[in-house]
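Inside the fold
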Amino acid sequence: MSSNIRVNRLCTHCSQEFVARTTVTRHCSHKCSRAAYKAKLSGKKVEKSNAETSALRLAHVDLAKGKEFLTVKDVCALLNCSLRTIYRLIANGTIPAVNLSERKLTIRRSDLDSMFDQETDPQSTQQQRRVEVSQFQLDDCYALTEVQKIYGISDKALYDLIKRNSIPKFKQGWYSYVPKTLIDRLLR
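Notes on the structure in this doc start here. Note that the structure is a prediction, hence the values are computed from the model and not measured.

**Structural notes on the nonpolar core**
The biggest cluster of nonpolar side chains holds 10 residues, and these are Ala64, Leu70, Val72, Val75, Cys76, Ile86, Ile90, Ile95, Ile107 and Leu112. Sort the elements by how many residues they give to this core and helix α2 (residues 72–79) lands first, with 3 residues. With residues up to four places along the chain from it excluded, the contact list for Ile107 reads Glu68, Phe69, Leu70, Thr71, Val72, Val75, Ile90, Ile95, Pro96 and Ala97. Core analysis: the second largest hydrophobic core is formed by 9 residues, Val147, Ile162, Ile167 and Ile183 among them.

**Quick notes on unusual backbone geometry**
The phi dihedral of Ser15 is positive, around 65°, even though this residue is not glycine. In this structure Ser15 comes out as exposed when scored by relative accessible area, which is 54%. If you check the backbone angles, Ser166 has positive phi at about 50° while not being a glycine. Looking at the secondary structure, you find Ser166 in the loop between α7 (155–164) and β7 (170–172). By relative accessible area, Ser166 is classed as exposed at 58%.

**So, the environment of Val7**
The topology assignment puts Val7 in strand β1 (residues 7–10). C-alpha of Val7 to C-alpha of Thr25: the two residues are 18 residues apart in sequence and 9.4 Å apart in space. Apart from the residues lying within four places of it in its own chain, the contact partners of Val7 are Phe18, Val19 and Ala20.

**So, the packing of α2 against helix α4 (residues 109–117)**
Where α2 contacts α4, the two axes come as close as 12 Å, and the packing angle between them is 30°. Taken together, α2 and α4 sit at an angle that is classed as roughly parallel. Crossing of α2 against α4: the hand is right-handed. Mapping the contact onto sequence places Val75, Leu78 and Leu79 in α2 and Arg109, Leu112 and Phe116 in α4.

**Overview of the pattern of salt bridges**
Evaluation of the coordinates by the stated rule reveals 4 salt bridges. Residue Lys67 pairs with Asp74 through a salt bridge whose shortest N-O separation is 2.9 Å.

**With respect to the sheet that holds strand β5 (residues 104–108)**
One open sheet holds the 3 strands; their spatial order is β3-β5-β4, and the pairing between them is antiparallel. If you trace the sheet from one side to the other, it starts and ends with β3 (69–70) and β4 (98–101), each paired once. As judged from the 3 bridges shared by β4 and β5, these two strands associate in the antiparallel manner. Bridge assignment links Val98 to a residue of β5, and that residue is Thr106.

**Observations regarding the pairing of strand β2 (residues 17–20)**
With burial as the criterion, only one face of β2 is covered, namely that bearing Phe18 and Ala20; the residues Glu17 and Val19 on the opposite face remain uncovered. Where β1 and β2 come together, 4 bridges link them in antiparallel fashion. Counterpart to Val7 in the pairing with β2 is Ala20. Between β1 and β2, which pair antiparallel one after the other, the connecting turn spans 6 residues, and Ser15 there sits at a positive phi close to 65°.

**Here we look at the sheet that holds β7**
With antiparallel pairing, the 3 strands of this open sheet are ordered in space as β6-β8-β7. Looking at strand neighbours, the two that pair on one side only are β6 (141–143) and β7, the edges of this open sheet. Neighbour-to-neighbour, the strand axes of this sheet turn through a mean angle of 40°, independent of strand direction. Relative to strand β8 (residues 175–179), β6 runs antiparallel, the two sharing 3 bridges. Bridge assignment links Ala143 to a residue of β8, and that residue is Tyr177.

Cut-off values and rules
- Residues numbered from 1 in each chain as written.
- Predicted model: local features only at pLDDT ≥ 70, side-chain atom pairs only at ≥ 80, totals over all residues.
- Heavy atoms only, no water.
- Core = buried A, V, L, I, M, F, W, Y, C linked by side-chain atoms within 4.5 Å.
- Buried < 20%, exposed > 50% of the residue type's maximum accessible area, 1.4 Å probe, protein only.
- Helix = DSSP H or I, 4+ residues; strand = E, 2+ residues; numbered from the N terminus.
- Contact = heavy atoms within 4.5 Å.
- Axes fitted to C-alpha atoms, helices over the stretch in contact; angles between N-to-C directions.
- Parallel < 35°, antiparallel > 145°, perpendicular 65-115°, else oblique.
- Left-handed = near helix turned anticlockwise from the far one by under 90°.
- Salt bridge = Lys/Arg side-chain N within 4 Å of Asp/Glu carboxyl O.
- Pairing = 2+ DSSP bridges.

Written out as structure tokens, the structure reads:
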């Protein structure tokens, strides 16, 4: 049965304008109809896969919540961050961990919870840092370039040393300075 209706429509797949013979036509051609159908099926598969992945992730988090001693992967799931971040926090000493064997790091759940119970005020830590830096006069400090020349140390090695040992570094003008006493103690 044919129709004499002529309706201008936009194809929902390719967004081209076409003349439809019915009011329910959504696609300009059979090709667009098939492509839209495949895209719809593909979208359903992706949604299903994402739902399965999030369910597995939540199951891992639920499992980790019940443990007293956590692995690095458990902590990743709880804190929603990467493995590398957790290993860096352990190396910094932010997260206390025990190395039970060569490949087994264990973190106590109570230590992890106590980290979040502490109230840290960013202004008070900045004030403490200012007090640390203000203890040193400019005469008692090396510029970073001076340290490199005196001890023959590379840029990266110096920055790693400063970071690893929490040496206060302050900037004045173009140059960054570090206390002579601390640098001399470490490098001599």
